[in-house]
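The primary structure of each chain is shown beneath.
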Amino acid sequence: MEEIQVIHSWSAPRSLSTSLMYSFAQRDDTEVLDEPLYANFLQVTGAERPYREEVLSTMDSDGNKVVKDVIFGPGEKRYRFCKHMAKQRVPGLADDLMKNGKHFILIRSPLDILPSFEKVVPPSFLELGLAGLVSIYSELCELGKAPPIIDAADLQKDPEAVLRGLCEDLDIPFQESMLKWEAGPKPVDGVWAPWWYKNVHKSTCFTPAREYPLQSLPFYNMLRRKTRRISSITGPPLPTPSLPVPANEKILVWVAGEIVPRDSAKVSVFDSVIQGGDAVWEGLRVYNGKVFKLDKHLDRLFDSAKALAFTNVPTRTEIKGAIYKTLNSNGMFENTHIRLTLTRGKKVTSGMSPAFNLYGCTLIVLAEWKPPIYDNTGGITLVTATTRRNSPNNLDSKIHHNNLLNNILAKVEGNLAKADDAIMLDKDGYVSETNATNIFLVKKGRVATPHADYCLPGITRATVMELVVKENLVLEERRLSLSEFHTADEVWTTGTMGELTPVVMIDGRVIGDGEVGPVTRQVQTAYKNLTEELGEPIPMYCKT
């Protein structure tokens, strides 16, 4: 006799799991079991049901015996379909249950479940079972058996496409018979069928769902993102993008007073940063357990917030506490970049007026493992964008705000030209900065950088200007034309995210001899030494 292959279906109650069981029961190669662990669940948890005694008297309540003799016992057909409720995965069950067989998860929006749930059992967090499904999903992933996930809504919209996809994922053949069944009770029904299965007994196939105008809950949404995308429902599946630094998949983020996982790091659609880019931000870098120039960055953050008339701004101590907690939670004490964002906050209704902002500011601390983003050894190339830098007549660049569209448009030009970044000019045609960094040139040993009239007076810029003087080099801050950069001996850019980056070509012109110049290397070394010496230590961090 061929060894039977067990298929485990995990779901929450009222999720079309019975219909799916009926669907698999129509196959000529499959036998089905209706919640074989139900008696064990009732025995272990003491849960009350109108049919409790009947279940305990007709089913074996020894969970491990059920796993061994019933779920994985001998059978007459090739496949055995086991319908499980997530809450029935109780402590004490043998590891074989999860390690063996093929598993998949069926989900349904809790707000589609609730209307029929309370008729037999009052709904609760445990009874709804979505948290249990997340736990089961995580456990199977840890075993290297990431389960397919299907959504009841998709199953009702296009049963054949979803069932074909599920069969493909389970590596079993699809059978047309799965799409229809006879109405009425079935021999495979559990003894609880009279309480729960009245509606499904009227059905003969999967039918379209009723529409509810409400959103579902976070646990449902988390699993929903993992479902197989069926082309007839959502279009061709998009590939999951890889992260530049894979370790950042597991990061924790501070959002509005909470530390949350990356996938849950969200702000309200009523937040000002969504409504109008109404926020200010800072970039910070961590070196050797210390946050470099932290107070300078916070000074600018508070100045920017004041210039934009923010109210109910968190204190310096509160912001530092959020930064430290985020770094400690992630174990980030080196090679880390922080994007610190302060929005005007959530609005009571959509609209432009800050009078709608009655909840206080929203603070976001996004720390990532991120080495300098440019090639600081070999150098980068630049092109000049047609998009001009903002004038103080329009929007003062000394406010470090989140309205970055003109920088983004310049970056688009740079991308299209296959350059690393783009130079932005001011309204009179003089060089201001790049789309993301401040810029310096060296000519005959003299260092020059544009006035900060149209560009952000960067903190890294100011630090490098101080270092230039300390290195006994001549520093000039003046208007600089584009041709001066084209003919410079050396050029570099500065920024927290990229540090000090050599530029070897601008608009097709080779800078100097096309190599990183001696002055650039001298200032790079001085900057590196400074980052090793200075910085605010992260409390609770101990170097081992």
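Refer to the structure above for everything that follows.
Residues numbered from 1 in each chain as written. Predicted model: local features only at pLDDT ≥ 70, side-chain atom pairs only at ≥ 80, totals over all residues. Heavy atoms only, no water.

## A look at helix α4 (residues 63-71)
Phase 1: Inspection of α4 places Gly63, Val66, Val67 and Ile71 among the buried residues, and these make up the whole buried set. All buried residues of α4 lie within an arc of 100 degrees about the axis, which places them on one face of the element.
Phase 2: Where α4 is buried, its residues contact β1 (5-11), β2 (30-34), α2 (38-45), β3 (79-85) and α5 (96-99). (Buried < 20%, exposed > 50% of the residue type's maximum accessible area, 1.4 Å probe, protein only. Helix = DSSP H or I, 4+ residues; strand = E, 2+ residues; numbered from the N terminus. Arc of directions from axis to C-beta. Contact = heavy atoms within 4.5 Å.)

## Examining the packing of helix α19 (residues 459-470) against helix α21 (residues 518-533)
Phase 1: Relative orientation of the contacting elements α19 and α21 amounts to 115 degrees, with a least axis distance of 10 Å. Comparing the axis directions of α19 and α21 gives the class roughly perpendicular. The way α19 lies across α21 gives a crossing that is right-handed. From α19, Thr460, Thr463, Val464, Leu467 and Val468 reach across to α21, where they touch Val523, Ala526, Tyr527 and Leu530.
Phase 2: Residue classes in the contact of α19 with α21 are distributed as 7 nonpolar, 2 polar and no charged. (Axes fitted to C-alpha atoms, helices over the stretch in contact; angles between N-to-C directions. Parallel < 35°, antiparallel > 145°, perpendicular 65-115°, else oblique. Left-handed = near helix turned anticlockwise from the far one by under 90°. Nonpolar A, V, L, I, M, F, W, Y, C, P; charged D, E, K, R; others polar.)

## Looking at the pairing of β2
Phase 1: With 4 of 5 residues buried, β2 is to be regarded as a mostly interior element.
Phase 2: Pairing of β2 with β3, which is carried by 5 bridges, proceeds in the parallel orientation. Bridging across to β3, Leu33 finds its partner in Cys82. (Pairing = 2+ DSSP bridges.)

## Points about the pairing of β3
Put simply, side chains in a regular strand alternate between the two faces of the sheet.
Phase 1: A large share of β3 lies buried, amounting to 7 of its 7 residues.
Phase 2: Residues Tyr79, Phe81, Lys83 and Met85 point to one face of β3 and Arg80, Cys82 and His84 to the other, with burial holding for every one of them.
Phase 3: Relative to β3, β1 runs parallel, the two being bridged by 7 bridges. Residue pairing for β3: Trp10 is matched across the bridge by His84.

## Some thoughts on the packing of helix α16 (residues 294-307) against helix α17 (residues 316-330)
Phase 1: Contact geometry of α16 with α17 gives a least axis separation of 11 Å together with a crossing angle of 125 degrees. Viewed along their axes, α16 and α17 adopt a mutual orientation that is oblique. The handedness of the crossing between α16 and α17 comes out as right-handed. Taken together, the residues of α17 that come into contact with α16 (itself represented by Leu294, Asp295, Leu298, Asp299, Leu301 and Phe302) are Arg316, Ile319, Lys320, Ile323 and Tyr324.

## Section: the side chain of Thr30
Phase 1: By the element assignment, Thr30 lies in strand β2.
Phase 2: Within the local environment of Thr30, its side chain forms a polar contact with the side chain of Arg27, the two groups lying 3.2 Å apart.
Phase 3: Polar side-chain contacts of Thr30 include one of 2.9 Å to the side chain of Asp29.
Phase 4: When sequence neighbours within four positions are dropped, the list of residues in contact with Thr30 reads Phe24, Lys77, Tyr79 and Phe81. (Polar contact = N/O pair within 3.5 Å; in protein donor to acceptor, adjacent residues only side chain to side chain.)

## Some remarks on a nonpolar patch on the surface
Phase 1: Among the surface-exposed residues, Leu405, Ile408, Val412 and Leu416 lie close enough to one another that they form a single nonpolar patch of about 420 Å² accessible area.
Phase 2: Within the secondary structure layout, Ile408 lies in helix α18 (residues 405-416). (Patch = residues over 30% accessible without salt bridge, like charges linked within 9 Å, V, L, I, M, F, W, Y side chains within 5 Å. Areas by Shrake-Rupley, 256 points an atom, 1.4 Å probe, with all protein chains shown as cover. Salt bridge = Lys/Arg side-chain N within 4 Å of Asp/Glu carboxyl O.)

## Overview of the sheet that holds strand β6 (residues 252-255)
Phase 1: Sheet architecture is open: 7 strands sit in the order β7-β6-β11-β10-β8-β9-β21, paired in antiparallel fashion. The outermost strands of the open sheet, each flanked by one partner alone, are β7 (258-261) and β21 (536-537).
Phase 2: By the bridge criterion, 4 bridges tie β6 to β7 in an arrangement that is antiparallel. Of the residues in β7, the one forming a bridge with Trp254 is Ile259.

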